[in-house]
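# Structural description and commentary
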Amino acid sequence: MEYSVTSLITDIALASLLIFTGQILRAKIKIIQKLFLPAPLIAGFLGLLLGPEGLAVLPFSSALSSYPYTLIIVLFGSLFIGRQSNGGLKKMITSVEDTFLLNMAAETGQFGFALVIGTSVFALLFPDLHSAFALMMPAGFAGGHGYAASIGGTLQDIAGWEEAITIGQTFATIGLILGVLIGIAAINYAIKKGYTQYITNMSGLPESMRTGFFNAAEQKTLGKETTCSISMETLTWHLALILMAAGGAYLIDYLYGLLNLNFSLPMVCLSMFCGVFINWFLKLLRLDKSIDRNTISRVGSSITDYLVFFGIASIRISVVSEYLLPIIIMSLLGVAYCFFYVFVICKKLYTDNWFERGIFIFGWNMGVVAIGIILLRIVDPDMKSGTLEDYGFAYVLISIIELAMITFIPVFAAYHHGFLTGCVLLIFFAFLLISAQRIKKRNQRSLY
């Protein structure tokens, strides 16, 4: 059947139905509540089971596998719209230096570790594998479905590796599931060992964390109304800004394609730069106060929910089965790395609340930031450790470095693998060394 607007609406409607079903299952079934499985994850598996790769009951269109990469382009358009300066780079780094250094070390270390395995062990064990295969583990684990779609899409465009997105989405799905399950097991272990500072058991969690629905007392407003509805609804205004950024990326890509050059531009970065331009232009017009960053973030989070669904539902079983053994091995190594990082590196280098801060890193290095928040709220229900606040402050700089990684890592992975591995590992050890030196200086000052 030819793809049409009707096909698009049908795909979105089916996705919405399954996400709705996933949320209802989360709210009503105790075992799912105990596992803390996100509704889009549940929905994605339902889509995979009932879609074209499974029982073929639901009439998804042939474009199902193209949605993850398209959605990540839209999502990246939202990243810098409405973002305000927080008092300068130096002040930001100084106030949350441990959080910035150790969070970035965790991510760069996962990429470096994977690249070493890929260029050495996997090159010998699986010589027919694409040279960038191991890269898709951290793309899916540390990056989640969004980065997996971004890096996989770039490798598909630049290196012609057609299976990259499917493999990346598979790693992202595995990471999401294991991030929750192993994270909860790690929390139970930490409670028994006395590593947790704010809880002694898991029985006091709020009901909303289990069911996925806030009660009336917990419900908050979504965002501020910045436009008068007589002219335009606030949500329409914010959605238009995000879609303009994504549309700008496609326009630039179209114009660049007319040059007939051999090198492809990363679409996600084009979208992000368009978002930066829109933000600057609105400031120039003195309309920057018309943007509510919270509303932009909520729209972005909604896109992420659909991204997770389509990422899982569009996984090609035939590709996964073909790469099953290296996927399993790489996933186990990824879990081992994340576990080691929490119980060795975080324990040694964090000066306070090391487990609370470490389990947050574990969550988002296995899945997404939302998983990190879930695990953090279990061990720090009143957010007394300051972990999330520090991460939010440091994320301004973290996001810039991550965008650079997403832009350049797949490009270098396609052409200069050895150089890329050396650079990423050098950055990883530099972050850890700087963190250790700062702890040493603080300890020396405390003696006087």
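Use the structure listed above.
In this report, we go over the structure that sits alongside the text.

Conventions adopted
Residues numbered from 1 in each chain as written. Predicted model: local features only at pLDDT ≥ 70, side-chain atom pairs only at ≥ 80, totals over all residues. Heavy atoms only, no water. Helix = DSSP H or I, 4+ residues; strand = E, 2+ residues; numbered from the N terminus. Rg over C-alpha atoms; globule rule 2.2 N^0.38 Å. Contact = heavy atoms within 4.5 Å. Areas by Shrake-Rupley, 256 points an atom, 1.4 Å probe, with all protein chains shown as cover. Lys, Arg positive; Asp, Glu negative; His and termini not counted. Charge placed at Lys NZ, Arg CZ, Asp CG, Glu CD. Polar contact = N/O pair within 3.5 Å; in protein donor to acceptor, adjacent residues only side chain to side chain. Phe/Tyr/Trp six-rings, centres within 6.5 Å; stacked < 30°, edge-to-face > 60°. Buried < 20%, exposed > 50% of the residue type's maximum accessible area, 1.4 Å probe, protein only. Patch = residues over 30% accessible without salt bridge, like charges linked within 9 Å, V, L, I, M, F, W, Y side chains within 5 Å. Salt bridge = Lys/Arg side-chain N within 4 Å of Asp/Glu carboxyl O.

Before going further, it helps to spend a moment on the overall build of the protein chain. A tally of regular secondary structure across the protein chain gives 20 helices and zero strands. Over its C-alpha atoms the protein chain spans a radius of gyration of 22 Å, differing by no more than 12% from the 22 Å that the globule rule assigns to 448 residues. Once the C-alpha set of the protein chain is aligned to its principal axes, its extents read approximately 70 × 60 × 50 Å. A fraction of 78% describes how many contacts in the protein chain between residues 6 or more apart in sequence connect residues 24 or more apart. A total accessible area of about 21,000 Å² is found for the protein chain, and carbon and sulfur atoms account for 66% of it. Distance between charge centres in the protein chain, computed from 28 positive and 26 negative side chains, equals 13 Å.

On to the side chain of Asp 292. Take Asp 292: it is sitting in the loop between helix H13 (267-284) and helix H14 (293-313). Looking at Asp 292, its side chain comes within polar contact range of the main-chain nitrogen of Lys 224, at 2.9 Å.

A few words on the packing of aromatic side chains. Enumeration over the complete set of coordinates arrives at 24 aromatic pairs. When the centroid spacing of 6.4 Å and the interplanar angle of 65° are considered together, the rings of Tyr 189 and Tyr 195 count as edge-to-face. Judged by its relative accessible area of 19%, Tyr 195 is buried. On the basis of an interplanar angle of 85° and a centroid distance of 5.8 Å, the ring pair of Trp 354 and Phe 355 is categorised as edge-to-face. For Phe 355, a relative accessible area of 0% gives the class buried. A connected cluster of aromatic rings, assembled from ring pairs, spans Tyr 189, Tyr 195, Phe 339, Phe 343, Trp 354, Phe 355 and Phe 362.

Once that is clear, we can look at the environment of Ala 164. Locating Ala 164 in the fold gives a position in helix H10 (residues 164-193). Note on Ala 164: relative accessible area 0%, which makes it buried. Separated by 32 residues in sequence, Ala 164 and Ala 132 have C-alpha atoms that sit 8.6 Å apart.

Of note, Ala 56 is a non-glycine position whose phi angle comes to about 60°, a positive value. For Ala 56, the position within the fold is in the loop between helix H3 (39-50) and helix H4 (67-77). Judged by relative accessible area, which is 51%, Ala 56 ranks as exposed. Positive phi outside glycine occurs at Asn 353, with the angle close to 50°.

For the rest of this paragraph, the subject is a nonpolar patch on the surface. Together, Phe 277, Trp 280, Phe 281, Leu 284, Leu 285 and Leu 287 make up an exposed nonpolar region whose accessible area comes to about 610 Å². By the secondary structure assignment, Leu 284 is in helix H13. Relative accessible area serves as the criterion here: at 54%, Leu 284 is assigned to the exposed category.

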